[in-house]
Amino acid sequence: MGTVRINKFDNLKGLAILMIVFRHLRPFNVFPTLLVKFVFIVSLPLFFFVAGYFSKTTSDQPVKIFKRLLVPYLIFTILFNLSEFMMTGKFSPDLLFIQTESGLWFLLVLFFMKLGLPIAEKFRYPILSFCFAALFFGIIDVKSSFLGLTRLFGYFPVFLLGFYYETLKEKFIRALPKIYDLCDRHFRVIFALSIIAALLVISNMDYELIGFTRPYGGNILYEIIKRAAVIAVMFSMVLIISRAMTDNHTFLTKFGKNSMAVYLLHLFILVFIRDLQSYYIINDAVTMLVSLIGVFAITFVLSRDPVTKYLNMFTDFISDLILKPDV
């Protein structure tokens, strides 16, 4: 019996992958800074939230996530560096899989999250505990590319929010049914106010803070408060966007269903078209239009079923060379 897909979550992933391709398709200087920051604080949290929602802690999970996440990470890290070498002539094999300079860090971080989920379940208050861990980790001066650790701690709370989402929702409805009904009736107002609040909070924050790619600097207490605000905004955004997202089949559904192929392969396309950007930077309006068309075109092409089919065949072939047939 095949897996039953939920359109809402495919739509959420579809929205997230569109935003991620937009993030990676520069230049950003022609788009409003606040818009780009909003994309930063919504796109990856949505991905991790959905990943957490569908995560399991069964005994066979470590092998499955090794096959579906770590093997592709290793393969495409090599291929990405080779493509960079072809375009730039630069290649450094030192710490090849340790320093996650490319967007492939997502696979490694998600692998660690799923691997650490059984440990997180042992905590009495897992989400709250790892929120504090995320705040504490900012004190440690670790390069953001080192095994993706800064992002791992930063995004792990929203991954756990996805994992416990249904349980927390049921508890909230049972404990505070009137408040839940009130929120449900006035959701549009709450949605609008949440977006406005999020924009106000992130307006004076830098990209590195929003993306958990730098340690604290200056006033530590102030930095902790800002990181706590970032986490709060992530939580509010994934919750209201999840609530607002339709469960109907839309153009986002296909994007989300095959989002892993889009994520892996768009990085290579961007390597080869990076030098073409100078040809369409005529003025801001043209650059915006061409960039947005490029985002949709790349996402549309890479989200087709045959692309995912052959990508899975390729990764499965490599996995079969490494793992026993019964895995």
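See above for the structure.
This section reports on the structure supplied with the text. Source: prediction; values computed, not measured.

Conventions used here
- Residues numbered from 1 in each chain as written.
- Predicted model: local features only at pLDDT ≥ 70, side-chain atom pairs only at ≥ 80, totals over all residues.
- Heavy atoms only, no water.
- 1 Å grid on protein atoms, 1.4 Å probe; cavity = no way out; pocket = protein on both sides within 12 Å on 5 of 7 lines; lining within 4 Å.
- Points joined across faces, edges and corners; volume = space filled by probe spheres on them.
- Helix = DSSP H or I, 4+ residues; strand = E, 2+ residues; numbered from the N terminus.
- Expected span 1.5 Å × (residues − 1).
- Buried < 20%, exposed > 50% of the residue type's maximum accessible area, 1.4 Å probe, protein only.
- Arc of directions from axis to C-beta.
- Axes fitted to C-alpha atoms, helices over the stretch in contact; angles between N-to-C directions.
- Parallel < 35°, antiparallel > 145°, perpendicular 65-115°, else oblique.
- Left-handed = near helix turned anticlockwise from the far one by under 90°.
- Contact = heavy atoms within 4.5 Å.
- Nonpolar A, V, L, I, M, F, W, Y, C, P; charged D, E, K, R; others polar.
- Patch = residues over 30% accessible without salt bridge, like charges linked within 9 Å, V, L, I, M, F, W, Y side chains within 5 Å.
- Areas by Shrake-Rupley, 256 points an atom, 1.4 Å probe, with all protein chains shown as cover.
- Salt bridge = Lys/Arg side-chain N within 4 Å of Asp/Glu carboxyl O.
- Core = buried A, V, L, I, M, F, W, Y, C linked by side-chain atoms within 4.5 Å.
- Phe/Tyr/Trp six-rings, centres within 6.5 Å; stacked < 30°, edge-to-face > 60°.
- Lys NZ or Arg CZ within 6 Å of the ring centre and 35° of its normal.

## Some thoughts on the layout of surface pockets
Here is step 1: Of the pockets and cavities examined, the largest pocket occupies roughly 1,400 Å³.
Here is step 2: Together, 37 residues line the largest pocket, and R5, K13, F54, R68 and M260 are the ones closest to its centre.
Here is step 3: If you list the elements that add at least two residues to the lining of the largest pocket, you get α1 (7-24), α2 (33-53), α3 (61-88), α4 (105-120), α13 (259-273) and α16 (305-322).
Here is step 4: Among the elements that line the lining of the largest pocket, the one with the most residues is α3, at eight residues.

## Some remarks on helix α15 (residues 284-302)
Here is step 1: Given a rise of 1.5 Å per residue, 19 residues ought to cover 27 Å, and the 27 Å separating the end C-alpha atoms of α15 matches this to within 8%.
Here is step 2: Within α15, burial applies to T287, S291, G294, V295, I298, T299 and L302. Buried residues of α15, seen end-on, are gathered within an arc of 115 degrees and therefore sit on one face of the element. Away from its buried face by more than 90 degrees, α15 exposes A285, L289 and I293.

## Observations concerning unusual backbone geometry
Here is step 1: A positive phi angle, close to 55 degrees, is found at F212, a residue other than glycine.
Here is step 2: With respect to the helices and strands, F212 occurs in the loop between α10 (207-210) and α11 (220-244).
Here is step 3: You can call F212 buried: its relative accessible area is 0%.

## Description of the packing of α1 against α11
Here is step 1: Where α1 meets α11, the axes come as close as 10 Å, and the angle between the chain directions of the two elements is 125 degrees. Taken together, the axes of α1 and α11 are oblique relative to one another. The two elements α1 and α11 meet at a crossing, and its hand is right-handed. Side by side, α1 and α11 meet where K8, L12 and L15 of the first sit next to I241, S242 and R243 of the second.
Here is step 2: Split by residue class, the contact of α1 with α11 holds three nonpolar, one polar and two charged.

## Looking at a nonpolar patch on the surface
Here is step 1: A cluster of nonpolar residues, I78, L79, L82 and F314, forms a patch on the protein surface that exposes about 310 Å² of accessible area.
Here is step 2: The greatest single-element share of the nonpolar patch, amounting to three residues, is contributed by α3.
Here is step 3: Among the structural elements, L79 can be located in helix α3.

## So, the nonpolar core
Here is step 1: Membership of the largest hydrophobic core comes to 95 residues, with the highest contact counts inside it found for F48, F106, M113, F159, L160 and M237.
Here is step 2: At 14 residues, the largest contribution of residues to this core is made by α2.
Here is step 3: What L160 contacts, discounting residues up to four positions off in sequence, is L117, A120, P126, I127 and F130.

## Details of the pattern of salt bridges
Here is step 1: Scanning all chains against the criterion turns up seven salt bridges.
Here is step 2: With a shortest N-O distance of 3.0 Å, R68 and D316 are connected by a salt bridge. Of this pair, R68 sits in helix α3 while D316 sits in helix α16, placing them 248 residues apart in sequence.
Here is step 3: According to the relative accessible area criterion, R68 is partly exposed, its value standing at 42%.
Here is step 4: D206 is the partner of R214 in a salt bridge, and the nearest nitrogen-oxygen pair spans 3.0 Å.
Here is step 5: When salt bridges with common partners are traced through the structure, they connect D206, R214, E223 and K226 into a single cluster.

## Some points on the packing of aromatic side chains
Here is step 1: All chains considered together, the criterion is met by 27 aromatic pairs.
Here is step 2: Between Y155 and F212, the aromatic rings sit 5.1 Å apart at their centres with planes inclined by 85 degrees, giving edge-to-face as the arrangement. On the criterion of sequence distance, the pair formed by Y155 in helix α6 (residues 149-163) and F212 in the loop between α10 and α11 is long-range, its members being 57 residues apart.
Here is step 3: Judged by centre distance (5.8 Å) and plane angle (80 degrees), the ring pair of F251 and F255 falls under edge-to-face. With a gap of four residues between them, F251 and F255 both fall in helix α12 (residues 251-257), about one helical turn apart.
Here is step 4: Aromatic ring contacts, followed pair by pair, group F47, F48, W105, F106, Y155, F212 and Y263 into a single cluster.
Here is step 5: In this structure, R243 packs its charged tip against the face of F187, placed 4.5 Å from the ring centre.
Here is step 6: Between the NZ or CZ atom of R304 and the centre of the ring of F300, over which it lies, the distance is 3.9 Å.

## Points about helix α5 (residues 126-137)
Here is step 1: The terminal C-alpha atoms of α5 lie 16 Å apart, and with twelve residues this matches the ideal 16 Å at 1.5 Å per residue to within 8%.
Here is step 2: Those residues of α5 not exposed but buried are P126, I127, F130, C131, A133, A134, L135 and F137.
Here is step 3: Here the buried face of α5 lies against α4, α6, α7 (165-175) and α11.

## Some remarks on the environment of M234
Here is step 1: By the secondary structure assignment, M234 is in helix α11.
Here is step 2: C-alpha separation for the pair M234 and P45, spaced 189 residues apart in sequence, amounts to 6.3 Å.
Here is step 3: When neighbours within four sequence positions are excluded, M234 is seen to be in contact with I41, P45, G154, Y155 and F212.

Read these as spatial facts, not as claims about activity.
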